[in-house]
Amino acid sequence: MAGKTEQKRYRLSLYVIGATPHSARAIVNLRRICEEHAPGEYELRVVDVTHNPQAAKEHQIVATPTLIREAPLPLQRLVGDMSRDEVVARRLGLPPREGKPS
Amino acid sequence: MSQTVISADPTAELARLREENAGLRERMEEAEDTLRALRNNEIDAIVVGESIYTLVGANATANRMRGEVLTQMEDAVVATDLEGRVIYMNPAAERQYGRAANAVLGLPAERLYTHMWLSDDDHAQSRAALAAGDAWRGKVKHRLPDGHELQLECTLSCMADGDGGRTGYLSVLRDVTARAQAEAALADSQQLLQFSMESARIGLWTMDVESGLATGSDLHAACFGYSRRVGNWSGERFLAHVHPDDREHVESVRRQAVERAGDFHFECRVVWPDHSIHWIEVHGNTLLRNGEPARMAGIVSDITRRRQADEALREADRQKDEFLATLAHELRNPLAPIRTAAHVLASKRLTPEVHDKSVAIISRQVSHMARLLDDLLDIARITRKRLTLQKDYIDLRSAAETGIEASRAAIEGKRHHLVVEMPPTPIRLEADPVRVAQIVSNLLNNAAKYSNAGATITVSVRRTDGHGELVVKDTGIGMSPEALKSVFTMFAQEETVLDRSEGGLGIGLALVRGLAELHNGSVSAISPGLGRGSTFVVRFPVSEKAAARVPPVAEAQASDESQPGLRILIADDNHDAADSMATLLRLLGHDVLVAGDGVAAFEMARDAYPQVMLLDIGMPGLNGYELAHKLRQEAWGRNVLLIAATGWGQDEDKARATAAGFNAHLTKPFNPDALNTLIREWGA
């Protein structure tokens, strides 16, 4: 099912292996951070490595969950369950939360 | 960190070093991040090339298989974490909710749908099941953000991690909206069918062919005289209810249906527990199992009323045929004596006695025929509700006297003894005197006809509680209780005693009832049985306010019989009718002219100025209506007494005659006295 074709400012791909507790946590945390820092300005793609080993190789994924920021360049890579909000936001270069300067 | 290379351009070199440093720091941070994640148990797998090494409970191969199963599933699968955020949805769920997983993962499930329990019980049971680690299965509804609603069959279970800790919920959701709609439509149509069956009073039944055990609906039971369905119904019990004379037929139909494994239909009589007999109609079919007749099923309805109606229709048809035969016979009967009398009158050796006798025969037979036809026309008008009463304020006594006079010949012809009992004071009615007399006369003719010669017939007029009562009692052949029931029905005649020589069409009493009812009255018949006489009672409502207006009957009759000679013109294309009437009128002292058609009549009238014109209506060239209209245009024609003579005495004919300018109307064959009366009244 195709998402919106419109290019968002932040393009993120989260590489996971199936619906494990870790990937579930990573998905939920990442979605929360994005909604808080850049609502409407991001596009999130969840890639299951077990179904897409080729994509994993291409993006040099060494561990899951791994998040790759594809845009804006340069590529940024984060590993883990995305539970440290401030670190994730900073590494992705997301704007500060509204009403709460970082 | 020591400086090893100095660039020619220190500024550019510094920038390059800074960039390199940032890149290194970035990669270091990534490496540190990975290590930290690893240390903190945030990583569940290490990927080397295309190999995946899982670090925690999840086994990559098993995971992949599970994933493929979920992907292939037709049912939507949605997983949420404990807070209700979507952590997984399969392609079927993407299709079902119209959203891509990537757009929804991590978001609250409400973005996909609003979950609605069908009942509070369901909600409570699901919570209990999940708390116990079980799955809950049931129907739920999901409302999509666009307002669309889905009916779902839902299986809800808990997800746990490797240590048994609860991590979220898994929903498998099968869209049964189409099925639910089909089920609702089916329920609707079943309800409609049920309603139709009940309205049409159709019962349902099924029967196992081998055991004969059967079931039936309430309406099925009603066909056999039970108020609700009967337990232990069977083919055998059914057959026990079938009328013994119909059992063989029903059995053979059933046998053939089993042999042919086809549908069947029969009608038969059944005997109810109260011993009454009813008709039923059965339609059924044989249902096969493995090619062998296994079950019979069908419908049954009570057709007793239809059967009775059929029977009544057949009876009415039979009576109609009989009536037509009687009618032909009755109309032909008088012709023989008339023809004979005409031959006698033509004889050269005619004596005055034979002449008078022949004339009397013709006159009597013609009156008889005219009366038959009048009765027939009257009953036809009553049936078609076309008979109108000429109501006046009358005394029942005098109307009865008139009726008695009219029947005197029939009574005296059989030497019956007539007793008349009249009250001393008038009984006032608002009624048509001619029709009341007709009622009396018809009852007396009936009494005279069905009594052996020399019997006593009593006519009583009396007053009872607001009614004028007319009683005609005879000592004749009487009636059986069966005959009493249909005595006032048209064409009913007591067959066993039907005396053809007495004649009659069997419509006299039907006419009495019709006329009585037109007067808001009633008629009843009593007979102790065959051979023990009959009594007929007619009741009319009394009209007290009319008291003052009853004219003294006697005086109207007192008038001079003699008339001065008038010039009368008769126009009729039937020469015999015109000539015979002319002869009669000349005998009465009138000056009579005869014209054979309308045109001749007009010319003759213009020359001769007749005072009275008697015009046939159906004439060639200029018909009676046209001639009357034309005559009234002329100065000399305005004061002529115009009388229409037609074969049809319908009310609309009379109205049309009046409209054309006629003063009066006579229905052929008319009594010469009626013409005399008209002329006399016109002269006065």
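Residues numbered from 1 in each chain as written. Chains lettered and ligands numbered in written order. Predicted model: local features only at pLDDT ≥ 70, side-chain atom pairs only at ≥ 80, totals over all residues.

Some points on the overall build of chain B
1) Next: Within chain B, the regular secondary structure consists of 22 helices and 25 strands.
2) Next: Split into buried and exposed, the 684 residues of chain B put 29% on the buried side. (Helix = DSSP H or I, 4+ residues; strand = E, 2+ residues; numbered from the N terminus. Buried ≥ 20, exposed ≤ 12 C-beta atoms within 10 Å, placed from the backbone.)

Quick look at the overall build of chain A
1) Next: Within chain A, the secondary structure is distributed over three helices and five strands.
2) Next: Written out in order from the N terminus, the α and β elements of chain A read β-α-β-α-β-β-β-α.
3) Next: Expressed as a percentage of the 102 residues in chain A, the buried residues total 44%.
4) Next: For chain A, restricting intrachain contacts to residue pairs at least 6 apart in sequence, the fraction spanning at least 24 positions comes to 68%. (Contact = placed C-beta atoms within 7 Å.)

Let's talk about the environment of D218 of chain B
Residues and elements named next belong to chain B.
1) Next: Within the secondary structure, D218 is located in helix 7 (residues 218–222).
2) Next: With 14 C-beta atoms packed within 10 Å, D218 lands in the partly exposed category.
3) Next: For D218 and R228, which are ten residues apart along the polypeptide, the C-alpha to C-alpha distance reads 4.8 Å.
4) Next: Residue contacts for D218: discarding those within four places in its chain leaves R228 and R229.

A few points about the pairing of strand 2 (residues 42–48) of chain A
In the case of a regular strand, side chains alternate between the two sheet surfaces.
Residue and element names in this part refer to chain A.
1) Next: Only one face of strand 2 is buried, namely the one carrying Y42, L44, V46 and D48, since none of E43, R45 and V47 on the opposite face is buried.
2) Next: Where strand 1 (residues 10–16) and strand 2 come together, seven bridges link them in parallel fashion. Following the sheet pairing, V16 is matched in strand 2 by D48.
3) Next: Handedness of the crossover is the feature at issue here: the chain leaves strand 1, passes through helix 1 (residues 21–37), returns alongside strand 2, and the resulting connection is right-handed. (Pairing = 2+ DSSP bridges. Right-handed = clockwise from strand over helix to strand, strands pointing away.)

Some thoughts on the interface of chain B and chain A
1) Next: Taken together, the 37 residues of chain B in the interface contact 34 residues of chain A.
2) Next: Those elements that provide at least two residues to the side of chain B that touches chain A are helix 1 (10–39), strand 1 (45–48), strand 2 (51–54), helix 2 (60–72), strand 3 (76–81), strand 4 (86–89), helix 4 (101–104) and strand 8 (166–175) of chain B.
3) Next: At five residues, helix 2 of chain B tops the list of elements feeding residues into the side of chain B that touches chain A.

A word on helix 1 of chain A
1) Next: In this model, helix 1 of chain A (17 residues) spans 24 Å end to end at C-alpha, consistent with the 24 Å of a helix rising 1.5 Å per residue.
2) Next: Counting buried positions along helix 1 of chain A gives 14 out of 17 residues, so the element sits mostly inside the fold. (Expected span 1.5 Å × (residues − 1).)

A word on the sheet that holds strand 7 (residues 149–160) of chain B
Strands in a sheet are paired, the pairing made by backbone hydrogen bonds, and the direction either parallel or antiparallel.
All names here are of chain B.
1) Next: With antiparallel pairing, the six strands of this open sheet are ordered in space as 4-3-8-7-6-5. If you trace the sheet from one side to the other, it starts and ends with strand 4 and strand 5 (114–117), each paired once. Taken pair by pair, the neighbouring strands of this sheet meet at an average axis angle of 35°, ignoring direction.
2) Next: Where strand 5 and strand 6 (residues 136–143) come together, four bridges link them in antiparallel fashion. Looking across to strand 6, one finds that W117 is bridged to V140.
3) Next: Seen against the sheet, helix 5 (residues 120–131) touches strand 5, strand 6 and strand 7 and runs at an angle of roughly 125° to strand 6. (Axes fitted to C-alpha atoms, helices over the stretch in contact; angles between N-to-C directions.)

Focus on the sheet that holds strand 19 (residues 522–526) of chain B
Residues and elements named next belong to chain B.
1) Next: Read from one edge to the other, the open sheet built from five strands follows the order 15-17-18-20-19, with strand pairing classed as mixed. This sheet does not close on itself; its edge strands, each paired only once, are strand 15 (417–421) and strand 19. Going across the sheet, the axis of each strand differs from the next one's by a mean of 15°, ignoring polarity.
2) Next: Sheet analysis places strand 17 (residues 456–464) next to strand 18 (residues 467–474), joined by eight bridges and oriented antiparallel. Each residue of the ladder has a partner; that of R463, found in strand 18, is G468.

Some details on the pairing of strand 8 of chain B
Residues and elements named next belong to chain B.
1) Next: Across six bridges, strand 3 lies against strand 8 in antiparallel orientation. Bridge pairing in strand 8 places A76 opposite L173.
2) Next: Relative to strand 8, strand 7 is paired through nine bridges, and the arrangement is antiparallel. Among the inter-strand pairings, T155 is bridged to a residue of strand 8, identified as V172.

Some details on the environment of D572 of chain B
All names here are of chain B.
1) Next: For D572, the position within the fold is in the loop between strand 21 (567–571) and helix 18 (575–587).
2) Next: Separated by 42 residues in the primary sequence, D572 and L614 have C-alpha atoms spaced 8.4 Å apart.
3) Next: Among residues more than four places away in sequence, those in contact with D572 are A577, A578 and D616.

Some words on unusual backbone geometry
1) Next: Look at the link from T64 of chain A to P65 of chain A: it is a cis peptide, with omega at -5°.
2) Next: For P65 of chain A, the location among the structural elements is in the loop between strand 3 (63–64) and strand 4 (66–71).
3) Next: Positioned with a positive phi, Y609 of chain B is a non-glycine residue whose angle comes to about 45°.
4) Next: For Y609 of chain B, the position within the fold is in the loop between helix 19 (598–608) and strand 23 (612–616).

Here's the deal with the environment of R567 of chain B
Residues and elements named next belong to chain B.
1) Next: As for its placement among the helices and strands, R567 is situated in strand 21.
2) Next: Judged by the 16 C-beta atoms lying within 10 Å of it, R567 is partly exposed.
3) Next: Leave out the neighbours within four places in its chain, and R567 touches D591, A608, P610 and Q611.

Here we look at the packing of helix 11 (residues 335–346) of chain B against helix 12 (residues 352–383) of chain B
All names here are of chain B.
1) Next: Their axes nearest at 9 Å, the elements helix 11 and helix 12 cross at an angle of 155°. Classified by the angle their axes make, helix 11 and helix 12 are roughly antiparallel. Like other packed secondary-structure pairs, helix 11 and helix 12 cross with a definite hand, here left-handed. Within the contact between the two elements, helix 11 uses P337, I338, A341, V344 and L345 and helix 12 uses V354, H355, S358, I361, I362 and Q365.
2) Next: Residue composition of the contact of helix 11 with helix 12, grouped by class: eight nonpolar, three polar and no charged. (Parallel < 35°, antiparallel > 145°, perpendicular 65-115°, else oblique. Left-handed = near helix turned anticlockwise from the far one by under 90°. Nonpolar A, V, L, I, M, F, W, Y, C, P; charged D, E, K, R; others polar.)

Points about the nonpolar core
1) Next: Counting residues in each nonpolar core, the largest one holds 57 residues, and the members touching the most others are L14, I27 and L30 of chain A together with V77, V78 and I87 of chain B.
2) Next: With seven residues, helix 1 of chain A is the largest single contributor of residues to this core.
3) Next: With residues up to four places along the chain from it excluded, the contact list for L14 of chain A reads A26, I27, L30, L44, V46, V47, P65 and L67 of chain A.
4) Next: Within the second largest apolar cluster, 37 residues are counted, among which are M479, I507, L515 and V523 of chain B. (Core = buried A, V, L, I, M, F, W, Y, C linked by C-beta atoms within 7 Å.)

Let's talk about helix 1 of chain B
All names here are of chain B.
1) Next: When the terminal C-alpha atoms of helix 1 are compared, their 42 Å separation across 30 residues agrees well with the 44 Å that a helix rising 1.5 Å per residue should span.
2) Next: In terms of residue burial, helix 1 counts as a barely covered element, since only two of its 30 residues are buried.
3) Next: Just downstream of helix 1 lies N41, where phi reads positive at about 60°.

Quick notes on the packing of helix 19 of chain B against helix 20 (residues 624–633) of chain B
All names here are of chain B.
1) Next: Two elements in contact, helix 19 and helix 20, have axes whose closest approach is 10 Å; the angle formed by their N-to-C orientations is 25°. When the axes of helix 19 and helix 20 are compared, the pair comes out roughly parallel. Handedness of the crossing formed by helix 19 with helix 20: right-handed. Taking contact as the criterion, the partners of G598, A601, F602 and A605 in helix 19 are, on helix 20, E626, L627, K630 and L631.

Observations regarding the confidence of the model for chain B
Residue and element names in this part refer to chain B.
1) Next: When pLDDT is averaged along chain B, the result is 83, and 89% of the positions lie at 70 or above.
2) Next: Highest mean pLDDT in chain B belongs to strand 20 (residues 535–541) (94); lowest belongs to helix 17 (residues 553–557) (38).
3) Next: Long-range and interchain partners of residues 496–502, a stretch whose pLDDT sits below 50, account for three contacts in this model, where long-range means more than four residues apart.
4) Next: Contacts for the low-pLDDT stretch residues 550–562, under 50 throughout, to residues beyond four places or in other chains number nine contacts.
5) Next: In the predicted complex, the global pTM is 0.42; the interface-specific ipTM is 0.76. (pLDDT = per-residue confidence, 0-100.)

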